[in-house]
Amino acid sequence: MQDVNPWRALIALCIGFFMILVDSTIVSVATPAIQEGLHTDINSVVWVTSAYLLAYAVPLLVSGRLGDRFGPRNLYLVGLAVFTLSSLWCGLTGSIGMLIAARVVQGVGAAMMTPQTMAVITRTFPGERRGQAMSLWGAVAGVATLVGPVLGGIITENWGWEWIFYVNVPVGVIGFALAWWLVPSLPVHSHSFDWLGVALSGAGLFCIVFGIQEGESYDWGTMWKFISVPLLIVLGVVLMGAFVWWQGHTKVDPLVPLELFRDRNFSLANVAICVVGFVVTSFALPMMIYAQVVHGLSPIQSGLLFVPMALLSAVLSPVVGHLVDRYHPRLIAGFGLICLSAGLWWLGAILGQHTPIWQLVLPLIVLGLANAFMWAPISVTATRTLPPHRAGAGAGVYNMTRQMGAVIGSAAIAAVMQARLTHHLGSAAGNFSATEGHHNVHLPALVAHGFSRAMGESIYLPAAVAVLSVIAALGFRNPHVKQPEKPAGRHRAGRVRAGDLV
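Quick summary incoming for the structure in this document.

About the criteria used
- Residues numbered from 1 in each chain as written.
- Predicted model: local features only at pLDDT ≥ 70, side-chain atom pairs only at ≥ 80, totals over all residues.
- Heavy atoms only, no water.
- Helix = DSSP H or I, 4+ residues; strand = E, 2+ residues; numbered from the N terminus.
- Contact = heavy atoms within 4.5 Å.
- Areas by Shrake-Rupley, 256 points an atom, 1.4 Å probe, with all protein chains shown as cover.
- Salt bridge = Lys/Arg side-chain N within 4 Å of Asp/Glu carboxyl O.
- Buried < 20%, exposed > 50% of the residue type's maximum accessible area, 1.4 Å probe, protein only.
- Polar contact = N/O pair within 3.5 Å; in protein donor to acceptor, adjacent residues only side chain to side chain.
- Phe/Tyr/Trp six-rings, centres within 6.5 Å; stacked < 30°, edge-to-face > 60°.
- Lys NZ or Arg CZ within 6 Å of the ring centre and 35° of its normal.
- Axes fitted to C-alpha atoms, helices over the stretch in contact; angles between N-to-C directions.
- Parallel < 35°, antiparallel > 145°, perpendicular 65-115°, else oblique.
- Left-handed = near helix turned anticlockwise from the far one by under 90°.
- Nonpolar A, V, L, I, M, F, W, Y, C, P; charged D, E, K, R; others polar.
- Core = buried A, V, L, I, M, F, W, Y, C linked by side-chain atoms within 4.5 Å.
- Expected span 1.5 Å × (residues − 1).

## Remarks on the overall build of the chain
Thought 1: When helices and strands are tallied, the chain shows 18 helices and zero strands.
Thought 2: Sequence separation of 24 or more characterises 85% of the internal contacts of the chain that already satisfy a separation of 6 or more.
Thought 3: Accessible surface, the chain as shown: approximately 19700 Å² in total, 67% of it carbon and sulfur.

## What about the pattern of salt bridges?
Thought 1: One pass over the full model with this rule turns up two salt bridges.
Thought 2: Between Glu457 and Arg420 there is a salt bridge, with the nearest N and O atoms lying 2.9 Å from each other. Of this pair, Glu457 sits in helix α18 (residues 445-474) while Arg420 is found in helix α17 (residues 391-425), placing the two residues 37 residues apart along the sequence.
Thought 3: In this structure Arg420 comes out as partly exposed when scored by relative accessible area, which is 25%.

## Focus on the side chain of Ser341
Thought 1: Mapping Ser341 onto the fold places it in helix α15 (residues 329-350).
Thought 2: Exposure remark for Ser341: the relative accessible area of 7% places this residue in the buried category.
Thought 3: In terms of polar contacts, Ser341 uses its side chain to reach the backbone carbonyl oxygen of Ala463, at 3.0 Å.
Thought 4: In contact with Ser341, other than residues within four places in its own chain, are Ala463, Ala466 and Val467.

## Focus: unusual backbone geometry
Thought 1: Positive phi is not limited to glycine here, since His39 has a value of about 55°.
Thought 2: On the secondary structure map, His39 appears in the loop between α2 (31-38) and α3 (42-57).
Thought 3: Judged by its relative accessible area of 72%, His39 is exposed.

## Description of the side chain of Thr381
Thought 1: In this fold, Thr381 is placed in helix α16 (residues 357-383).
Thought 2: A polar contact is formed between the side chain of Thr381 and the backbone oxygen of Pro377, at a distance of 2.6 Å.
Thought 3: Residues in contact with Thr381, not counting those within four places in the same chain, are Asn265, Phe266, Ala269, Pro329 and Phe476.

## Structural notes on the packing of aromatic side chains
Thought 1: Scanning the model with the defined rule gives eight aromatic pairs in all.
Thought 2: Ring geometry for Phe176 against Trp180: centres 6.2 Å apart, planes inclined by 25°, an arrangement best described as stacked. Taken together, the residues Phe176 and Trp180, both in helix α9 (residues 168-182) and four residues apart, mark about one turn of the helix.
Thought 3: Above the plane of the ring of Trp181 lies Arg8, whose end atom (NZ or CZ) is 5.5 Å from the centre.
Thought 4: Note that Arg103 overlies the ring of Tyr52, its terminal NZ or CZ placed 4.3 Å from the centroid.

## Some thoughts on the packing of helix α1 (residues 6-29) against helix α5 (residues 72-92)
Thought 1: α5 packs onto α1 with a crossing angle of 40° between their chain directions and a minimal axis gap of 11 Å. Between α1 and α5, the angle is such that the two are oblique. α5 is crossed by α1, and the crossing has left-handed handedness. Residues Ala12, Leu13, Gly16, Phe17, Met19, Ile20 and Asp23 of α1 touch α5, and the partners they reach there are Tyr76, Leu80 and Phe83.
Thought 2: A class-by-class count of the residues in the contact of α1 with α5 yields eight nonpolar, one polar and one charged.

## Some thoughts on the nonpolar core
Thought 1: Core analysis: the biggest nonpolar cluster contains 139 residues, and Phe306 and Ile378 have the highest contact counts within it.
Thought 2: At 18 residues, the largest contribution of residues to this core is made by helix α12 (residues 264-293).
Thought 3: With eight residues, the next largest nonpolar core counts Leu316, Val324, Ile332 and Phe373 among its residues.

## A look at α12
Thought 1: Here α12 is 30 residues long and its end C-alpha atoms lie 45 Å apart, about the 44 Å a rise of 1.5 Å per residue gives.
Thought 2: The buried fraction of α12 is high, at 26 of 30 residues.
Thought 3: The N-capping residue of α12, defined by a side-chain oxygen 2.9 Å from the backbone nitrogen of Asn265, is Asp263.

## Focus: the environment of Ser302
Thought 1: Within the secondary structure, Ser302 is located in helix α13 (residues 299-304).
Thought 2: Of the residues examined, Ser302 reaches a relative accessible area of 0% and is grouped as buried.
Thought 3: As a C-alpha pair, Ser302 and Val29 span 273 residues in sequence and 7.1 Å in three-dimensional space.
Thought 4: Sequence-distant contacts of Ser302, that is, excluding residues within four places in its chain, are made with Val29, Met288, Ala291, Gln292 and Leu297.

## Some words on the packing of α15 against α18
Thought 1: It is the contact of α15 with α18, at a shortest axis distance of 7 Å, that shows an interaxial angle of 165°. Looking at the two axes, α15 sits roughly antiparallel to α18. At the point where α15 passes α18, the crossing takes the left-handed sense.
Thought 2: Taken together, the residues of the contact of α15 with α18 break down into 18 nonpolar, five polar and two charged.

Function cannot be read off these values alone, since they describe shape.
This is the structure in structure tokens:
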């Protein structure tokens, strides 16, 4: 491998990584504008996000392996090109169906890119410096998911929803040039590919997501002649179970080497990041719709609600990066994940027709603390002990579980929002068309109260799910600690830090 500055390579990769994560949440603030511009309903617009997340999640396992086989730099560049061109397609489309199709292609490009960033970190940074590298990666992931609604609001308000996709084109070109120049060509490892595993995981995940998201539309009953919503979800679970069984019995290289999960930290970190993906993706949608429909905020004003979160996360992430290399990840991640759950419960409880904006900012600040403290320690805990030949597979699994959480969260929040709207507004819940979702329309008082509580109660779902990540973090072991070796002779004793105790 040629001499290379790993920090320059990482920064180049993070430009594209930032862009693809921004696109996971940027649509949320543009939902009313897309509804109005394409004359469609809210469930169809939710599919603009869900289709992207689903197409992002399914190929992650095989794209990690492709990075091992053909080189992470090469696969990253191909993925960035696909993502950039499909972003142009998204902006040019004139129908909701074509927009969803373009977002699927965009998600495939994102899936090709993401595992390569973690693989480069694992293979170019020594273990003692990997915590700081992962803190940058984690900060990018955390800030990007928060910046999405802010950028989406600014762009939608000033230039129209199409430009939330057009803006990716120049950024993608710059990111491609920097990655070509700064990212090293790493040694490759030969792999065979488990295409049956790809089919089982893709079909299973699609059945689960489609069933959850569309269930309310079919009153959780029959969707087609012989298939009901519960049956479709059960079929998805069975297919995912078959996928796991196949991974343990296939004779080719499995997509998910199950021996990775013998490592307690890797297993628990995957649980935690799956929950984080679910929570971060799901809570933004009801929050953005509430801000625009109830408070009458413009898209840019709605996005600016997330500025305190993004700023706090950006300021604290470098500090957390240093802490990750010194202290037990259970302490750092645990604090962040407790803030995540607590902030969401608080936010859901206060959403109301007359809630002042300053009261909304307080729990969002708590969520900013969560964002700063949770990404890096979870990432380091998952990847610090991965051997180089498992870097691609481990990165693929880790990112796949995060995206699985995100896509299921996107589907679940749509179902919960519809259910709570029906509970509070009855038959009137189905009457919120594109024009009624526009920020210039103010709801009648009785409707506004019910609508506000429906959005607030929807946020209780990610708040409750976030508790699972706290439980997972409590089980982390300290990845800095190695098994003690018996000294051959007398050695000077090292200083023991409190953070080294398990």
